[in-house]
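Architecture at a glance
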Amino acid sequence: MTDIQSMAHAIRFLALDSILHAGEGHQGVPLGMAEIAATLSARHLKVDPQNPLWPDRDRVVLSNGHGSMLLYALLHLSGYHHVSLDALRTFRRLGSVCAGHPEIEQAAGIEITTGLLGQGIACAVGMAVAEARLAARFGADLVDHRTWAFVGDGCLQEGVGQEAISLAGHLQLGKLCFLWDDNQITDDGTTDLSISEDVPARFRAAGWHVVQVDGHDIAQISAALAAAMADPRPSLLACRTVIAKGLPRLQGQRGGHSAPLTPQDSHEMRAALGWDHAAFDIPAPIRADWARAMSRGRAAQEAWTARLAHHPEGAAFHRWTTGTMPEGWQDHITTLCLTEAANPAPRPTIQSSGAVCDALLPVLPETMVLCADLEAPTNHKRSRHAFTATDRAGSYLHCGVREHLMGAMCDGIAAHGGLRPINVTYLAFADYERPAMRMAALMRLPVLFVFSHDSIGTGSNGPTHQPVEVLASFRSMPNMRVFRPADAVETAEAWQIALQIPDGPSLLALSRQPADQVCPPRAANLSTKGAYILHEDAGGSRDVTLLASGTEVGLAMAASAQLAALGIKATVVSMPCWELFAAQDIGYRRAVLGTAPRIGIEAALKFGWEKWLREDDSFIGMTGFGASDRAEALYDHFGITVAAVVTAARAALAR
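All of the points below concern the structure found in this document. (Residues numbered from 1 in each chain as written. Predicted model: local features only at pLDDT ≥ 70, side-chain atom pairs only at ≥ 80, totals over all residues. Heavy atoms only, no water.)

Some details on the overall build of the protein chain
Note the cut-off: In DSSP terms, a helix is any run of H or I states spanning at least four residues, a strand is any run of E spanning at least two, and both are numbered starting from the N terminus. Both definitions apply: the radius of gyration is a C-alpha atom measure, and the globule rule equals 2.2 Å times residues to the power 0.38. Burial classes: relative accessible area under 20% of the type maximum marks a residue as buried, over 50% as exposed, and values in between as partly exposed (1.4 Å probe, protein chains only). Per-residue and other accessible areas follow the Shrake-Rupley method at a 1.4 Å probe size, with only the shown protein chains counted as cover for residues. When charges are tallied, Lys and Arg are placed among the positive residues and Asp and Glu among the negative ones, while His and the ends of the chain are skipped. For the purpose of locating charges, the reference atoms are NZ of Lys, CZ of Arg, CG of Asp and CD of Glu.
Tallying secondary structure elements over the protein chain gives 25 helices and 18 strands in all. Computed over the C-alpha atoms, the radius of gyration of the protein chain is 28 Å, within 12% of the 26 Å expected from 2.2 N^0.38 for a compact globule of 655 residues. Expressed along its principal axes, the backbone C-alpha trace of the protein chain runs to roughly 90 × 55 × 45 Å. Here the protein chain, with 655 residues, has 61% of them falling under the buried criterion. When the accessible surface of the protein chain is split by element, carbon and sulfur atoms take 54% of a total near 23600 Å². Averaged over its 53 positive side-chain charges, the protein chain has a centre that lies 2 Å from the centre of its 67 negative ones.

Here is the structure:
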């Protein structure tokens, strides 16, 4: 008979030994949640460590990521070969799979990067949505798994936590379960220093199934897990635990969280729990219990593989879950570009983006649009229907006013695999999503963040909604590609590029105000270079170079025409994506930028333009926050005009 208590102690002592060996770490979570993790693994979890990327595995998220040794010990004992004893001995060291906080390495069983409290449970909601949508598409024979999240007090105190509770309850994501480490201790001391509410009541109010258990009573835990699996609602197991349980000096105290451990602590804990084994030594009978627990998942994986081999949707399932693009999908983009270029009417690039999103639905049905209560002004729903508690087949998810959650859900969907998440809201609200966007960049997840209202062109909504500093902040973020397309053609090209990038997120900054259609019909995607010459003198010579992005490319084109009338040859360079341009060879960059005086034009702050402008070059844009008025009045007020460009060009040539 499986000895789950000994399995739990194996987690405790591997965590203790690893933290002592590293000289630092957070022992409170692995020592306090050991019975919960062991019981889940022994009786309920569906994974196969020999096939860690099996698409129908359960997903396990350690949202309280500081307690990472809980996860690493669990993975080692389960048999994930990447998490070896040698890996545990390198806990918190450079290059180790056992990083201070979990960093995504799905082949090692680490489903997602966590550490920013609340992000993990929000990502878990996204994973549960992905499972539900894929199950609706391919059926329970191929998709029938659960998402389990280990949760700490901090995850539930962060605002994103309440957003996750609310939407998951509304959507009735019955295969989602939070395992709350209710130890009544935070880093500062007891939780009553800062919170007095009834936390389980929050979940009940949102429509969750809630069970309160002794987090060290294996029978109670197992019964609660079984009840959660049988209930159609998302579940919270509120597990009353003792932080750092088993460690006599620190258990139940503030220092149990992460106080430095000593060899004496190890001696006392071994004596208290009757564990007379050396550091990192797990007795063979306990390892056999862990192996026996994993055999359940291995049998499920083998049966699933047999079903997949003869399933009529097997090929489609493989394409969706591997992220393979269908044959000929780019033809839809090319056709759309030619159609858009043939329409000279000025129109907002957010509307052009909506047209691309809609056109791709038949060929890329795995796309999943998440939008924050902005269906009408962003216009990305169109022919999609909603994903709801009663219809899991929808490809448009109404997230309500929950941008913090929405961005993290997109991360969870992308990490889960099988769907292509598209996040849609206003650019000023990107700061709500910044933690999730940073995590997407850190994990190199292919999330597409689509933002409207990209500049002072937002107009009379005023400076709160005019994100003059946001472009610069995201251009400084590693692994994030920021696109600010000039018109409908560049918008479609940006979509094409973003959908082909497997190793990082993309941001589309799109306009509310109409954009001049500046790109002629073309079959080639010129935006792949990041910047390119849109207009130049027939002879290729230039007196001045106008560098612009977004709607200001149209302004640059108009200024070029006026300068030509004055006998000044102005080359216009469109710069839809700085990151792609910076990746081009130096010869190409020099040819595009030229040696003539340069004028940068963007309705945003100058910060970052120093990369493309020399000391004597000019910048026409913003120097502070915006104001409230119509877009055309604001452009004139802040001097972002054709006349200002012409004046700057003449002044540059006069020097």
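Having put the structure on the table, let's press on.
So, the sheet that holds strand β6 (residues 209-214)
Basically, it comes down to this: In short, DSSP must find at least two bridges between two strands for them to pair. Lines fitted to C-alpha atoms define the axes, with helix axes restricted to the stretch in contact, and inter-axis angles between N-to-C directions lie between 0 and 180 degrees. Every residue pair with non-hydrogen atoms within 4.5 Å of one another is taken to be in contact.
On the basis of which strands lie adjacent, the open sheet formed by five strands has the order β1-β2-β3-β7-β6 and parallel pairing. Each end of this open sheet is capped by a strand with a single partner; those strands are β1 (59-62) and β6. Between one strand axis and the next, the sheet turns by 15° as a mean value, whatever way the strands run. As judged from the four bridges shared by β1 and strand β2 (residues 147-151), these two strands associate in the parallel manner. Looking at β2, one finds that Leu62 is bridged to Phe150. Where helix α3 (residues 34-43) meets the sheet, it contacts β2, β3 (176-182) and β7 (235-240), and its direction lies at approximately 170° from that of β2.

Looking at the packing of helix α6 (residues 119-138) against helix α8 (residues 159-171)
Definition in use: Roughly parallel here means an angle under 35 degrees, roughly antiparallel means over 145, roughly perpendicular means 65 to 115, and every remaining angle is called oblique. Helix crossings are classified by the rotation of the near helix relative to the far one: an anticlockwise turn of less than a right angle makes the crossing left-handed, while a clockwise turn makes it right-handed. Each residue receives one of three labels: charged for Asp, Glu, Lys and Arg, nonpolar for Ala, Val, Leu, Ile, Met, Phe, Trp, Tyr, Cys and Pro, and polar for the others, Gly being one of them.
It is at 8 Å that the axes of α6 and α8 come closest, and there the two elements cross at 20°. The pairing of α6 with α8 is recorded here as roughly parallel in orientation. Relative to α8, α6 is oriented so that their crossing is left-handed. Together, Gln119, Ile121, Ala122, Val125 and Val129 of α6 and Val160, Gly161, Ala164, Ala168 and Leu171 of α8 make up the contact between the two elements. For the contact of α6 with α8, the residue count by class is eight nonpolar, two polar and no charged.

A short note on α3
Counting buried positions over the ten residues of α3 gives nine, a clear majority of the element. Of all the positions in α3, only Ala34, Glu35, Ile36, Ala37, Ala38, Thr39, Leu40, Ser41 and Ala42 are classed as buried.

Structural notes on the side chain of Asp454
Selection criterion: Polar contact is defined as a pair of N or O atoms within 3.5 Å, subject to the rule that within protein one atom must be able to donate a hydrogen and the other to accept it, and that residues adjacent in sequence are counted only when both atoms are side-chain atoms.
With respect to the secondary-structure elements, Asp454 resides in the loop between β11 (448-452) and α19 (470-475). In this structure the side chain of Asp454 is engaged in a polar contact, spanning 3.3 Å, whose partner is the side chain of Ser455. Engagement of the side chain of Asp454 in a polar contact is seen with the side chain of Arg484, the distance being 2.8 Å.

Description of the packing of aromatic side chains
Note the threshold: Ring geometry is summarised as follows: Phe, Tyr and Trp rings, the Trp one being its six-membered ring, pair when their centres sit within 6.5 Å, and such pairs are stacked at plane angles under 30 degrees, edge-to-face over 60 and tilted between the two.
Counted according to the given criterion, the structure contains 17 aromatic pairs. Geometrically, the ring pair formed by Phe13 and Trp275 is stacked, given 4.9 Å between the ring centres and 10° between the ring planes. Of this pair, Phe13 sits in helix α1 (residues 4-22) while Trp275 sits in the loop between α11 (263-273) and α12 (284-309), placing them 262 residues apart in sequence. Each of the two residues, Phe13 as well as Trp275, counts as buried. Taken together, a centroid distance of 6.2 Å and an interplanar angle of 70° make the contact between Phe581 and Tyr588 edge-to-face. Through successive ring pairs, a cluster of aromatic residues spans Trp578, Phe581, Tyr588, Trp609, Trp612 and Phe619.

Thoughts on the side chain of Thr147
Secondary-structure assignment places Thr147 in strand β2. Residue classification places Thr147 among the buried residues on the basis of a relative accessible area of 1%. Those residues in contact with Thr147, other than ones at most four positions away along the chain, are Arg59, Ala124, Met127, Ala128, Lys175, Leu176 and Cys177.

Here's the deal with the sheet that holds strand β18 (residues 618-622)
The strand order across the open sheet built from five strands is β14-β16-β15-β17-β18, with neighbouring strands paired in mixed fashion. Where the open sheet ends on each side, the last strands, each with one partner, are β14 (532-535) and β18. Averaged over all neighbouring strand pairs, the angle between strand axes comes to 30°, with direction disregarded. Direction of pairing for strand β15 (residues 544-548) relative to strand β17 (residues 598-605): parallel, over a ladder of four bridges.

Things to note about empty space enclosed by the protein
To keep things clear, this is the line we draw: Using a grid of 1 Å spacing that covers the protein atoms alone, one calls a set of points a cavity when a 1.4 Å probe fits there but cannot get out, and a pocket when the set is open and has protein on both sides within 12 Å along at least five of seven lines; lining residues are those with an atom within 4 Å of a point. Grid points are joined across faces, edges and corners, and a volume is the space filled by probe spheres set on the points.
Inspection of the entire model under this criterion finds three cavities of 30 Å³ or more. Taken together, 14 residues line the largest cavity, and the ones lying closest to its centre are Leu45, Val47, Val60, Leu75 and Tyr80. For the lining of the largest cavity, the element with the highest residue contribution is helix α4 (residues 68-78), accounting for four residues. For the lining of the largest cavity, the per-class residue count stands at eight nonpolar, three polar and three charged. Put simply, the second largest cavity is a space of about 80 Å³. What lines the second largest cavity is simply Arg420, Pro421, Ile422, Pro446, Val447, Leu448, Ala498, Leu499 and Ile501. Of all elements in the fold, only β10 (420-426) and α20 (488-500) reach the threshold of two or more residues within the lining of the second largest cavity. Across the lining of the second largest cavity, the residue classes tally to eight nonpolar, no polar and one charged.

Here's the deal with the layout of surface pockets
The volume enclosed by the largest pocket comes to roughly 840 Å³. Lining the largest pocket are 39 residues, and of these Thr321, Thr322, Gly323, Gly417 and Gly418 sit closest to its centre. Secondary structure elements with two or more residues in the lining of the largest pocket: α12, α13 (314-322), α17 (403-416), β10 and α20. Tallying contributions element by element places α13 first for the lining of the largest pocket, with six residues. Residues belonging to the lining of the largest pocket are distributed by class as follows: 21 nonpolar, ten polar and eight charged. Taken as a whole, the second largest pocket encloses approximately 350 Å³ of empty space. As for the second largest pocket, its lining consists of 21 residues, and the residues nearest its centre are Gly154, Ile185, Thr186, Asp187 and His257. Elements with a contribution of two residues or more to the lining of the second largest pocket: α2 (28-32), α7 (153-157) and β4 (185-186). Looking at the lining of the second largest pocket, the element that brings in the most residues is α7, giving four residues. The residue makeup of the lining of the second largest pocket, split by class, is six nonpolar, eleven polar and four charged.

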